[in-house]
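Chains, contacts and geometry: an overview
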Amino acid sequence: MASKKQAVLSARSLSKDFRRPNGNVFTVLESINLDLYDGEFLAVVGLSGSGKSTLLRCMAGLLKPDRGTLKYATRPTDNVISNAFVFQSFALFPWMTIRENIAISMTKLSKSEQEDRIERMIQMVGLKGFEDAYPKELSGGMKQRVSFARAMVSDPMILFMDEPFSALDPLTKESLKSEIIRIWSQPERKIRSAVLVTHRFEEALQLADR
């Protein structure tokens, strides 16, 4: 008998409204039911403006739903954060080095543990030799690698990605997607599940399980 899949996140009747400047309420999400399973790479596909990024932000805790519930699985340890987010833009601190930008998400860890994790992540995303560079010295693709490294270095339970390849040129985009596939397939990966928002069917088919 097959074992039942464990949900790391469950959304029930999730709804989100926005108020327009004229005072009218616009409902973006209405009664969304969704389960994200342990070990799953899920893609949310839709047209621009269909509410998929709003759904992702609600799932990640960046937006508060107006109605409905979100339930997360129990974290395995106190040092594991529930989720991390990769935005469309690079969202790096320009006055910090690459090492410092990655470390910003690990303030609760000791300095030695931070260094160990940064070194592991630098190797994993192919940024060896650029640890002490500043964002202005990197290409767009390398900056987005830093964004991924910063999100993954704290070993989040869930990795959320909001069209993270949209601002990249075609060659860099394909290179970074191949890198994500490689990272996701590594047995030492600590991230339990991932959610990708995209409006490209081929991107969803290339990266996601569902």
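Residues numbered from 1 in each chain as written. Predicted model: local features only at pLDDT ≥ 70, side-chain atom pairs only at ≥ 80, totals over all residues. Heavy atoms only, no water.

What to know about helix α5 (residues 170-185)
Side chains that are three or four residues apart share a direction in an α-helix, a result of its 3.6 residues per turn. Here α5 contains 16 residues, and its C-alpha end-to-end distance of 23 Å stays within 8% of the 22 Å for a straight helix at 1.5 Å per residue. Turning to α5, its buried residues number three or more, namely K173, L176, K177, E179, I180, I183 and W184. Projected onto a plane normal to the axis of α5, the buried residues spread over an arc of 155° and lie on a single side. Those residues of α5 that are exposed and aimed more than 90 degrees away from the buried face are P170, L171 and S185. Its buried side turned inward, α5 meets β3 (41-45), α3 (111-125), α4 (140-152), β7 (193-198) and α6 (201-207). (Helix = DSSP H or I, 4+ residues; strand = E, 2+ residues; numbered from the N terminus. Expected span 1.5 Å × (residues − 1). Buried < 20%, exposed > 50% of the residue type's maximum accessible area, 1.4 Å probe, protein only. Arc of directions from axis to C-beta. Contact = heavy atoms within 4.5 Å.)

Brief notes about a nonpolar patch on the surface
On the surface, F93, W95 and I104 cluster together into a nonpolar patch covering about 310 Å² of accessible area. If you trace the backbone, F93 turns up in the loop between β5 (83-86) and α2 (98-103). We classify F93 as partly exposed; its relative accessible area is 31%. (Patch = residues over 30% accessible without salt bridge, like charges linked within 9 Å, V, L, I, M, F, W, Y side chains within 5 Å. Areas by Shrake-Rupley, 256 points an atom, 1.4 Å probe, with all protein chains shown as cover. Salt bridge = Lys/Arg side-chain N within 4 Å of Asp/Glu carboxyl O.)

Regarding the side chain of Q144
Following the sequence through the fold, Q144 ends up in helix α4. We classify Q144 as buried; its relative accessible area is 0%. At 3.2 Å, the side chain of Q144 forms a polar contact with the backbone oxygen of F87. Beyond its immediate sequence surroundings of up to four residues, Q144 is in contact with V86, F87, Q88, S89, F90, P164, L168 and L176. (Polar contact = N/O pair within 3.5 Å; in protein donor to acceptor, adjacent residues only side chain to side chain.)

Re the sheet that holds strand β2 (residues 25-37)
Paired through backbone hydrogen bonds, the strands of a sheet run either parallel or antiparallel to each other. Pairing is antiparallel in the open sheet, where three strands are placed in the order β2-β1-β4. Looking along the sheet, the strands with just one partner apiece sit at the ends: β2 and β4 (67-72). Averaged over neighbouring strand pairs, the angle between their axes works out to 15° when direction is ignored. Two elements, strand β1 (residues 7-19) and β4, share five bridges in a ladder whose sense is antiparallel. The residue of β4 that forms the bridge with L9 is Y72. (Pairing = 2+ DSSP bridges. Axes fitted to C-alpha atoms, helices over the stretch in contact; angles between N-to-C directions.)

Observations concerning the nonpolar core
Counting 39 residues, the largest nonpolar core has F41 and L159 as its most contacted members. Considering every element that reaches this core, the biggest residue donor is α4, with six residues. Not counting residues up to four positions away in its chain, the partners in contact with F41 are M161, I180, W184, A194, L196, L207, A208, D209 and R210. Listed in part, the 21 residues of the second largest apolar core include L9, L34, L56 and V197. (Core = buried A, V, L, I, M, F, W, Y, C linked by side-chain atoms within 4.5 Å.)

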